[in-house]
Amino acid sequence: MSRTVLMLCLLLTTGVFASSQSLRPGGIAIVTLGASTDPRPTVTLDGRPVLVSRQADHWQAIVGIPLATDPGSLSISVDGEHMTIDVAAHAYREQRLTVKNQSYVTPGQAQLDRIGAERKIIDAALTNFRQVPIEAISLQAPVEGPRSSSFGLRRFFNDQPRSPHKGMDIAAASGEPIVAPRAGIVSATGDFFFNGNTVLLDHGQGFVTMYCHMSTIDVQQGQAVMAGEPLGAVGATGRVTGPHLHFGTYLNGTAVDPAIFLDD
């Protein structure tokens, strides 16, 4: 069956404001598919399932665009048919940080082994696809405080280049409570080398949020939480220069800009 694909920069029915530059690496694409009376379509990007939401009269896919995407056409599969998304170029700024503990810049072998084991836990949580109905993807703020526009920054630690920043830093004092921005299930927790005390929250269909550098963790793996319930508290664990919350949002296993989802 042929489908009409419509890319929207502002879609009020999802409760999400996607800015005029959301069709960029690290942004999202909202694809209107068939009528909601049709069977639920199967959508994938690079073999990974994509969130599909039933709206009043249609289905829509909400696609996370990977940060490493080159400008141009990005191909998705809808029930086996290839469709393209036009991705705009976007230049992210640079960020240079000084870290006193050199092991956080050039880890030794034992630390690399630990990082590799932790990466498997985190990746499993980020790529898990739990099939539940989702009508909206808006989020409340997990903690109050000034929000940086640090997502996508090309980072240099002690003048050495590292991977881009894949979240938003929210400034808050150590001990400030962190709450769930919407209902979900705790898919993983741990004290990780770079991220410190961390919680990953699964909201369904590959929509995952991450909370890093916490001083305390107040939830357990497998626990169901409602919006506004406490997850833990702000801290300065892991690779940090001071207390804050690193807040990450993920779709189809890829990091996307948290600012897109926040209500205010």
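Peer 1: Explain the pairing of strand β7 (residues 51-54) residue by residue, including any values.
Peer 2: Every regular strand shows the same layout, with side chains that alternate between the two sheet faces. As paired strands, β7 and strand β8 (residues 58-64) are joined by 4 bridges and run antiparallel to one another. In the sheet register, Arg-54 faces β8, and the bridge partner there is Trp-59.

Peer 1: Let's hear about the pattern of salt bridges: which residues, and what values?
Peer 2: With the rule as written, the count across this model stands at 4 salt bridges. Among the salt bridges present, the one from Arg-114 reaches Glu-118, with a minimum N-O distance of 2.6 Å. Here Arg-114 and its partner Glu-118 are both found in helix α1 (residues 109-127), 4 residues apart, which amounts to about one turn of the helix. Relative accessible area serves as the criterion here: at 35%, Arg-114 is assigned to the partly exposed category. In this structure, Arg-130 engages Asp-202 in a salt bridge whose closest nitrogen and oxygen atoms are separated by 3.3 Å. Linking Arg-130 in the loop between α1 and β12 (154-157) with Asp-202 in strand β17 (residues 196-204), this pair joins segments that are 72 residues apart in sequence. The buried category is assigned to Asp-202, whose relative accessible area is 3%.

Peer 1: How would you summarise the pairing of strand β20 (residues 230-234) if you had to cite specific residues and measurements?
Peer 2: The buried fraction of β20 amounts to 4 of the 5 residues, a majority that puts the element mostly inside the structure. As paired elements, strand β15 (residues 177-179) and β20 share 3 bridges and run antiparallel to each other. Across the sheet, the residue bridging to Val-179 is Pro-230, located in β20. As defined by bridge partners, strand β18 (residues 207-217) adjoins β20 across 3 bridges and the pair is classed as antiparallel. Bridge assignment links Ile-217 to a residue of β20, and that residue is Gly-232.

Thresholds applied
Residues numbered from 1 in each chain as written. Predicted model: local features only at pLDDT ≥ 70, side-chain atom pairs only at ≥ 80, totals over all residues. Heavy atoms only, no water. Pairing = 2+ DSSP bridges. Helix = DSSP H or I, 4+ residues; strand = E, 2+ residues; numbered from the N terminus. Salt bridge = Lys/Arg side-chain N within 4 Å of Asp/Glu carboxyl O. Buried < 20%, exposed > 50% of the residue type's maximum accessible area, 1.4 Å probe, protein only.

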